[in-house]
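Here is what each chain is made of, one letter per residue.
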Amino acid sequence: MANYKLKLQEKFGIRHFYGISQNAEIKETDNWYQPMLKLEQKVAKDQTLYPVARLHHLIFKKTKENLL
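Figured I'd write up the structure that's included with this text.

About the thresholds
Residues numbered from 1 in each chain as written. Predicted model: local features only at pLDDT ≥ 70, side-chain atom pairs only at ≥ 80, totals over all residues. Heavy atoms only, no water. Helix = DSSP H or I, 4+ residues; strand = E, 2+ residues; numbered from the N terminus. Rg over C-alpha atoms; globule rule 2.2 N^0.38 Å. Contact = heavy atoms within 4.5 Å. Areas by Shrake-Rupley, 256 points an atom, 1.4 Å probe, with all protein chains shown as cover. Phe/Tyr/Trp six-rings, centres within 6.5 Å; stacked < 30°, edge-to-face > 60°. Lys NZ or Arg CZ within 6 Å of the ring centre and 35° of its normal. Buried < 20%, exposed > 50% of the residue type's maximum accessible area, 1.4 Å probe, protein only. Patch = residues over 30% accessible without salt bridge, like charges linked within 9 Å, V, L, I, M, F, W, Y side chains within 5 Å. Salt bridge = Lys/Arg side-chain N within 4 Å of Asp/Glu carboxyl O.

1. Topic: the overall build of the protein
The number of helices and strands found in the protein is one helix and two strands. Tracing the protein from N to C terminus, the helices and strands come up as β-α-β. Whereas a compact globule of 68 residues would reach a radius of gyration of roughly 11 Å, the protein reaches 18 Å, over 25% beyond that. Counting only C-alpha atoms and orienting by the principal axes, one finds that the protein spans roughly 60 × 25 × 15 Å. Residue pairs in contact within the protein that sit at least 24 positions apart in sequence constitute 81% of those at least 6 positions apart. For the protein, the exposed area adds up to about 5900 Å²; of that, 54% sits on carbon and sulfur atoms.

Now the structure itself:
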């Protein structure tokens, strides 16, 4: 019989700055979206900014553990 163990591998924070602008029309333009995407990608793994992210993504690794 096998049991599975989960180990946290990485944490990402997503949408740190996206909500700052309340102008929905500008968010649909490439002039705003592309630089914002680059900024979000740069800070996604920054653990000091992780708590203020709107969304949190957790990556786990599953390992098999044998039971007797």
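Now that the structure is up, let's keep going.
2. Quick look at the packing of aromatic side chains
Here the structure, examined in full by the defined rule, presents one aromatic pair. Positioned above the aromatic ring of Tyr 18 is the side chain of Lys 27, whose terminal nitrogen or guanidinium carbon lies 4.3 Å from the ring centre. Over the ring of Tyr 4 we find Lys 62, and its NZ or CZ is 4.7 Å from the ring centre.

3. What about unusual backbone geometry?
Working note: non-glycine residues mostly have negative phi, and peptide bonds are mostly trans. At Arg 15, a residue that is not glycine, the phi angle is positive and equals roughly 65 degrees. One can find Arg 15 in the loop between β1 (2-14) and α1 (30-43). Since its relative accessible area comes to 31%, Arg 15 is described here as partly exposed.

4. Some details on a nonpolar patch on the surface
A surface patch of nonpolar side chains, about 380 Å² in accessible area, is lined by Leu 6, Leu 8, Leu 58 and Phe 60. Of all elements in the fold, only β1 and β2 (55-66) reach the threshold of two or more residues within the nonpolar patch.

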